[in-house]
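# Reading the structure
Given next are the chains, with one letter for each unit.
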Amino acid sequence: MAKTVPAPVDTAPAADFEHSLDELEQLVAKMEGGELSLDDSLASFERGIGLYRHCQQALEKADLRVRLLLDPDAPESAEPFEPEL
């Protein structure tokens with residue numbers, strides 16, 4: 001039976017995001033190695049989807065915070081930051 005990995009602990013949002021992203025990268029590397037059983041691969045895939053969704057939500061929250069900082073009265077009309085290349 002596949003081991004289940006506990007969900008990230010409540011920590012600072014940036015640290016939690018980094019932890020989730022690191023764990024996701026490790027899961028991908030294991031899966032790409034091709035040495036996991038079918039059950040372990042499915043469990044890893046399921047965990048990876050959860051981590052991906054968690055990271056995506058964290059990025060969406062960060063985007064909203066930036067928009068609120070740029071224009072608190074109308075965050076939906078705030079222009080996204082485009083760095084110069």
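For the structure, see preceding data.
Everything in this summary refers to the structure shown in the same document. (Residues numbered from 1 in each chain as written. Predicted model: local features only at pLDDT ≥ 70, side-chain atom pairs only at ≥ 80, totals over all residues. Heavy atoms only, no water.)

Along the protein chain, the regular secondary structure elements total 2 helices and 0 strands. Sequence-distant contacts, at least 24 apart, represent 50% of the contacts inside the protein chain between residues at least 6 apart. For the protein chain, the exposed surface amounts to about 7100 Å²; the carbon and sulfur share of it is 59%. (Helix = DSSP H or I, 4+ residues; strand = E, 2+ residues; numbered from the N terminus. Contact = heavy atoms within 4.5 Å. Areas by Shrake-Rupley, 256 points an atom, 1.4 Å probe, with all protein chains shown as cover.)

Our next topic: the environment of Gln56. Checked against the element boundaries, Gln56 lands in helix H2 (residues 38-70). With a relative accessible area of 30%, Gln56 lands in the partly exposed category. Separated by 39 residues in sequence, Gln56 and Phe17 place their C-alpha atoms 9.3 Å apart. (Buried < 20%, exposed > 50% of the residue type's maximum accessible area, 1.4 Å probe, protein only.)

The subject of this paragraph is the packing of helix H1 (residues 13-33) against H2. Packing of H1 against H2 leaves a shortest axis separation of 9 Å and a crossing angle of 150°. Between H1 and H2, the angle falls in the class roughly antiparallel. Handedness of the crossing formed by H1 with H2: left-handed. Between H1, through Asp16, Phe17, Ser20, Leu21, Glu23, Leu24, Leu27 and Met31, and H2, the contact on the second element is made entirely by Ser41, Ser44, Phe45, Arg47, Gly48, Leu51, Tyr52, His54, Cys55, Ala58 and Leu59. Partitioned by chemical class, the residues of the contact of H1 with H2 number 11 nonpolar, 5 polar and 3 charged. (Axes fitted to C-alpha atoms, helices over the stretch in contact; angles between N-to-C directions. Parallel < 35°, antiparallel > 145°, perpendicular 65-115°, else oblique. Left-handed = near helix turned anticlockwise from the far one by under 90°. Nonpolar A, V, L, I, M, F, W, Y, C, P; charged D, E, K, R; others polar.)

Taking 1.5 Å of rise per residue, the 21 residues of H1 would be expected to cover 30 Å, and the 30 Å separating its terminal C-alpha atoms lies within 8% of that figure. Against H2 lie the buried residues of H1. Positive phi shows up at Gly34, right after H1, with a value of about 75°. (Expected span 1.5 Å × (residues − 1).)

Here we come to the pattern of salt bridges. Under the definition given, this model contains 2 salt bridges. Put simply, Glu23 and Arg47 hold a salt bridge, and the shortest N to O gap is 2.9 Å. Remark: Arg47 occurs in helix H2 and Glu23 occurs in helix H1; sequence separation between them is 24 residues. For the salt bridge of Asp63 with Arg67, the shortest nitrogen-to-oxygen distance reads 3.1 Å. (Salt bridge = Lys/Arg side-chain N within 4 Å of Asp/Glu carboxyl O.)

Once that is clear, we can look at H2. An ideal rise of 1.5 Å per residue puts 48 Å on 33 residues; H2 measures up with 47 Å between its terminal C-alpha atoms. Of the residues making up H2, those classed as buried are Ser44, Arg47, Gly48, Leu51 and Cys55. On the buried face of H2, the contacting elements are H1.

Fair warning: the whole summary comes from geometry, so function is off the table for now.
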